[in-house]
Amino acid sequence: MSTLADRAAARKRAERSQGVFDWLDDRLGSSRWLRSAMDKIFPDHWSFMVGEIAMYSFVILIATGIYLTFFYNASGAIVVYHGPYKPLDGQHMTIAYESVINLSFSVRAGLIMRQAHHWAALIFIAAIVFHMGRIFFTGAFRRPREINWVIGTTLLLTALLEGFSGYSLPDDLLSGGGLRILYSIIQSIPIIGTWVAADLWGGNTFPGNGDFFPRLFVLHEFILPLTIAGLLGVHLAVLWRQKHTDFPGPGKTERNIVGSRFWPQYFVKTNALLLFIAGVVFGLGGLVQINPVWVYGPYESARASSGTQPDWYIGWLDGALRLWPHWEFRSFGHEIPNPFFPGILIPGIIFAVIYAWPWVDKRIYRDYGEHNLLDRPRDKPLRTALGVAALAFFVDLTLASATDLIGSALGVAFETLIEIMQYGTFVAPAVAGVVAYRVCLRLQRGAVHPIQRPVGGIMVRDAQGGYHTLGAPHAEEHETGDEHELEPAGAAATAVGEGTLE
Amino acid sequence: MKEELVFPKVITGTHGPEEGAGAGTPWPDDVPPNQDDTWYPLRDDPWRARQVEVLIALLWGVTAICGIGLMIVYWTGGQAQLEGVLMFGGFAALAAGLVIWARKLVPGQEVTASRGEHTSDPDERSGVVTSLERGTRPMLTRRGFLLKKVLVPVGGVFGLATLWPLASLGSRPDRALFHTKWYPGARLVTEDGRPIRVDDIVVDGELTVFPEGFIEDAMSAAVVINIGTDKMQSRTVNGFNQAGFEVGSGPNGIVAFSKICTHAGCPVSLFNVLSMQLICPCHQSTFDILKSCEPVFGPASRPLPQLPLGVRPDGYLIATRDFVEPVGPGFWNRGSEP
Ligand code: HEM
Ligand code: FES
């Protein structure tokens with residue numbers, strides 16, 4: 001009987017595993033921990049995958065990045081190019097730039113690795129921002145998860161630096177221009193600015209004495225990734241300790257957790273996600289060109305062209321530099337130059353507010369308690385409105401970084417666009433915030449709360465064009481007929497099935 | 001043939017917070033009692049289960065084929081688009097198989113468990129302070145405890161000393177930002193080192209120039225422009241009336257300005273002949289040439305410094321001296337030199 005044989009095999013397998021874990025336990029006493037690890041419960045909601053997308057993009061970044069380090073040569077020394085890419089033949093360039101050109105054209109599989117690395121970086125930061133948005137709008141940062149909010153914000157900051165430093169490594173015309181601006185921003189810091197810039201670049205004026213690229217490289221492939229990996233480890237350890245939040249729903253309380261176990265359900269699914277992201281990243285890397293540095297050409301300090309864009313996550317900073325008015329402060333022989341304000345002060349304030357948010361939120365809502373169940377964004381209209389306003393602010397700044405492109409596409413003078421977007425930094429958040437607030441209130445009135453009983457029934461349209469729901473619970477119509485306010489299901493009604501979430 | 005998939009039964013039960021020994025395990029409540037761990041969606045439908053297994057196997061077969069394809073592509077010289085398609089296919093098929101597996105065949109149900117407590121009990125909480133005090137109290141409460149007073153300054157001094165090597169990273173900024181490589185008599189040369197004569201620039205023409213011998217020096221980049229018969233308003237900077245910085249080529253005026261944007265240092269590389277403006281491509285600061293390159297739009301707040309020009313008897317354009325003010329973006333002590 002095959003079933004019997006299977007059973008016997010299963011028993012055998014279990015015995016063998018027992019042997020392995022006993023060996024470990026004899027030495028580490030690990031079984032209790034391993035068991036609770038395998039039994040750990042993860043709630044299922046699509047928005048909880050976003051953090052994982054960030055994490056897995058980071059894994060791919062490390063893998064592809066290590067490959068790139070074997071070929072990238074961080075040297076600012078000048079060479080003359082003679083290689084397979086003819087348009088650059090005979091041009092002067094740094095060895096750094098040449099090594100990236102060679103990686104793209106002369107190393108087999110080099111191009112796809114390079115492009116996959118770049119795509120993974122774009123997705124990484126997009127996922128972080130999305131993840132942060134879900135944490136923010138659902139109140140997942142509330143006690144006891146303030147620590148992870150702070151670590152997360154540091155991760156975001158580090159990831160931005162990591163992205164910018166990587167983008168700058170090829171020493172092409174675009175990234176070189178970005179570095180020039182960065183130098184000026186650092187130089188604009190009162191008192192210490194010129195010192196810090198000189199110490200980072202070596203030498204005492206831009207572009208330094210050639211020490212810069214090796215330093216940038218160490219930052220990009222050693223210091224920053226290790227920082228991210230370390231912080232991420234703590235981030236996940238804290239998550240593990242505190243357990244995941246969950247949306248309210250049938251059978252869910254502040255004191256329990258509902259979901260699938262780490263082993264085997266969650267483990268299989270999360271690996272599928274890793275593989276899927278890898279597929280997308282390498283697919284993009286092979287098929288969709290990104291950062292074609294050979295088109296931009298090598299960096300030359302006296303050259304720059306318009307209509308160029310940094311990577312998307314730097315756009316807001318570039319936009320801030322464009323929108324900040326032509327103010328500089330000078331007195332007693334000292335000045336605070338213009339780039340300091342949009343380049344250091346504004347981002348500094350923004351990150352300070354982000355770091356402080358969990359505590360600001362506590363004061364706004366006078367809520368210092370512990371929360372494991374998430375808010376629906378509509379139930380905290382003020383927080384949601386502020387979040388949407390902040391997003392509108394960033395969209396405005398990001399658009400401003402493309403004023404020349406948008407201007408020539410629309411046939412509008414860039415002066416006009418800049419002026420509109422300068423007003424936009426105030427108007428866009430205000431409008432977006434008010435709209436979001438209204439929408440929240442409308443949604444609150446309009447839909448079932450997940451802890452209420454899910455609505456069943458059949459919707460019919462009558463001769464007058466109105467809608468009615470047949471069957472319980474009954475929906476009443478208001479004003480226009482498109483806005484329903486639903487009677488809460490009685491407390492006695494037992495919750496069944498899945499709640500309507502989002 | 002297999003009639004059903006058999007999974008070893010996982011023994012479930014409580015291993016929660018027992019009293020006494022073993023209590024206080026980190027995550028005591030994760031294992032809910034009495035869940036059926038052998039259940040999976042197709043458990044009672046072996047035929048469908050078999051079909052799904054075959055489907056997954058086929059998907060993973062696609063992965064294998066993509067893998068072979070990748071090797072062939074690589075051996076035959078590599079081709080990024082094909083590699084992309086095959087990588088996507090291989091990973092995506094693998095992932096799709098796993099997802100179907102997880103959905104249909106992986107055993108286990110949604111489980112509910114208590115979150116447990118993650119806080120320690122009050123005794124532990126006060127215990128930690130007791131432990132801390134064991135070290136600090138006897139020392140710090142002793143009157144006139146010398147070491148505490150000594151340790152702080154010693155740590156400060158020595159800590160500072162260990163930071164000192166950081167200063168080796170760069171040189172002192174000194175006056176580097178106040179000067180460029182322009183010197184009296186320096187010929188204006190183009191990016192490829194060719195010196196230019198005063199009549200090399202046509203009316204409304206514009207050229208990027210460097211001091212002869214320093215075509216690599218980023219801070220010295222300048223633009224020289226033939227403004228034709230237009231009159232340029234001159235400024236007085238640091239006591240220099242810049243009216244004399246302009247030279248003539250027949251009836252036409254020739255002027256030169258630093259090419260480094262006073263906003264954030266980009267090369268001011270766009271030249272609008274119609275409005276006689278220089279525009280910086282980075283943040284669109286716009287400088288009106290006929291107003292001595294005053295900024296008229298954008299974030300820059302200072303004019304581009306003007307280079308004092310002269311003409312050698314043999315017709316070559318030269319600088320008569322360095323700029324009379326620091327070029328480029330601002331910095332803290334920019335105003336400190338007369
Ligand atoms: C490198 C970047 C980051 C990675 C890889 C990462 C990864 C993760 C993962 C995998 C989770 C669990 C799954 C999930 O809830 O999505 C998580 C949870 C969390 N993250 Fe992040 N994260 C990053 C950045 C951030 C940022 C920028 C913030 C906010 C400022 C943040 C705040 C949190 C919080 C509060 C939790 C707990 C959420 C809960 O229990 O509901 N993280 N993170
Ligand atoms: S650097 Fe020229 S406008 Fe900003």
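Quick caveat, the model's predicted, so the values are computed rather than measured. (Residues numbered from 1 in each chain as written. Chains lettered and ligands numbered in written order. Predicted model: local features only at pLDDT ≥ 70, side-chain atom pairs only at ≥ 80, totals over all residues. Heavy atoms only, no water.)

1. Here's the deal with the environment of A:Ala432
Residues and elements named next belong to chain A.
Okay, so step 1: You can see Ala-432 is positioned in helix H16 (residues 414–446).
Okay, so step 2: Along the sequence, Ala-432 and Val-80 sit 352 residues apart, while their C-alpha atoms lie 52 Å from each other.
Okay, so step 3: Every residue in contact with Ala-432, bar those within four places of it in the chain, is listed here: Val-388 and Ala-392. (Helix = DSSP H or I, 4+ residues; strand = E, 2+ residues; numbered from the N terminus. Contact = heavy atoms within 4.5 Å.)

2. Observations regarding the interface of chain A and chain B
Okay, so step 1: In this assembly, 96 residues from chain A lie in contact with 94 residues from chain B.
Okay, so step 2: When chain A packs against chain B, close to 8,300 Å² is buried across both sides, 59% of that on carbon and sulfur atoms.
Okay, so step 3: Counting the surface chain A buries against chain B, the share from its top three residues, A:Arg32, A:Arg108 and A:Arg261, is 8%.
Okay, so step 4: Between the two partners, chain A and chain B, sit 4 salt bridges.
Okay, so step 5: Of the charged contacts in the structure, one is a salt bridge between A:Arg303 and B:Glu191, with a shortest N-O distance of 3.8 Å.
Okay, so step 6: Looking at the side of chain A that touches chain B element by element, the count peaks at 15 residues for helix H10 (residues 262–287) of chain A.
Okay, so step 7: Class assignment for the residues of the side of chain A that touches chain B results in 36 nonpolar, 30 polar and 30 charged.
Okay, so step 8: For strand E4 (residues 256–261) of chain A and strand E1 (residues 111–114) of chain B, the ladder comprises 4 bridges, and the chain directions are antiparallel. When the bridges of E1(B) are listed, A:Ile257 appears paired with B:Ala113. (Buried area = accessible area lost by both parts, 1.4 Å probe. Salt bridge = Lys/Arg side-chain N within 4 Å of Asp/Glu carboxyl O. Nonpolar A, V, L, I, M, F, W, Y, C, P; charged D, E, K, R; others polar. Pairing = 2+ DSSP bridges.)

3. What to know about a nonpolar patch on the surface
Okay, so step 1: A contiguous nonpolar surface patch, about 690 Å² in accessible area, is contributed by A:Tyr423, A:Phe426, A:Val427, A:Val431, A:Val435, A:Val439 and A:Leu443.
Okay, so step 2: The class of A:Val435 is partly exposed, set by a relative accessible area of 45%. (Patch = residues over 30% accessible without salt bridge, like charges linked within 9 Å, V, L, I, M, F, W, Y side chains within 5 Å. Areas by Shrake-Rupley, 256 points an atom, 1.4 Å probe, with all protein chains shown as cover. Buried < 20%, exposed > 50% of the residue type's maximum accessible area, 1.4 Å probe, protein only.)

4. Points about the packing of helix H4 (residues 95–105) of chain A against helix H5 (residues 110–137) of chain A
All names here are of chain A.
Okay, so step 1: The interhelical angle for the contact between H4 and H5, taken along N-to-C directions, is 115°, at an axis separation of 6 Å. On the basis of their axis angle, the class for H4 and H5 is roughly perpendicular. Two secondary-structure elements touch here, H4 through Val-100, Leu-103 and Ser-104 and H5 through Gly-110, Leu-111 and Arg-114.
Okay, so step 2: A class-by-class count of the residues in the contact of H4 with H5 yields 3 nonpolar, 2 polar and 1 charged. (Axes fitted to C-alpha atoms, helices over the stretch in contact; angles between N-to-C directions. Parallel < 35°, antiparallel > 145°, perpendicular 65-115°, else oblique.)

5. As for the site of ligand 1
Residue and element names in this part refer to chain A.
Okay, so step 1: Near ligand 1 there are 25 residues, and of these His-131, Arg-134, His-235, His-244 and Thr-245 occur at the shortest range.
Okay, so step 2: At 3.0 Å from an oxygen atom of ligand 1 is found a main-chain nitrogen or oxygen belonging to Phe-48.
Okay, so step 3: Contact distances for ligand 1 include 2.7 Å between a nitrogen atom and a side-chain N or O atom of His-235.
Okay, so step 4: Those elements that provide at least two residues to the shell around ligand 1 are helix H3 (49–69), H5, helix H6 (146–168) and helix H9 (212–242).
Okay, so step 5: A class-by-class count of the residues in the shell around ligand 1 yields 14 nonpolar, 8 polar and 3 charged. (Near = heavy atom within 4 Å. Polar contact = N/O pair within 3.5 Å; in protein donor to acceptor, adjacent residues only side chain to side chain.)

6. Quick word on the domain arrangement of chain B
Okay, so step 1: Domains assigned within chain B are domain 1 (9–169) and domain 2 (179–319).
Okay, so step 2: Here domain 1 of chain B and domain 2 of chain B have C-alpha centroids that lie 61 Å from each other. (Domains from an automatic or database assignment.)

7. Here's the deal with the sheet that holds E4(A)
Okay, so step 1: Across the sheet, which stays open at both edges, the 3 strands sit in the order E1(A)-E4(A)-E1(B) with antiparallel pairing between neighbours. Each edge of the open sheet carries a strand with a single partner, namely strand E1 (41–42) of chain A together with E1 of chain B.
Okay, so step 2: As paired strands, E1(A) and E4(A) are joined by 2 bridges and run antiparallel to one another. Across the sheet, A:Phe42 pairs through a bridge with A:Ser260, a residue of E4(A).

8. Examining the pairing of strand E4 (residues 222–228) of chain B
As a general feature of sheets, a regular strand has side chains that alternate between the two faces.
Okay, so step 1: Counting buried residues along E4(B), 7 of its 7 residues qualify, which places the element largely inside the surrounding structure.
Okay, so step 2: Residue alternation in E4(B) divides its side chains into two sets, B:Ala222, B:Val224, B:Asn226 and B:Gly228 and B:Val223, B:Ile225 and B:Ile227, and both sets are buried.

9. Thoughts on the coordination of the iron atom of ligand 1
Residue and element names in this part refer to chain A.
Okay, so step 1: Those protein atoms acting as donors to the iron atom of ligand 1 are His-131 (NE2) and His-235 (NE2), and they sit at 2.0 Å.
Okay, so step 2: Every donor counted, the 6 donor atoms about the iron atom of ligand 1 form angles of 85 to 179° at the centre, which fits octahedral coordination. Here His-131, found in helix H5, pairs with His-235, found in helix H9; they are 104 residues apart in sequence, far enough to count as distant. (Donors = N, O, S within 2.8 Å, 3.2 Å for Na, K, Ca; no water. Tetrahedral: all angles 85-135°; square planar, octahedral: opposite > 155°, others 65-115°.)

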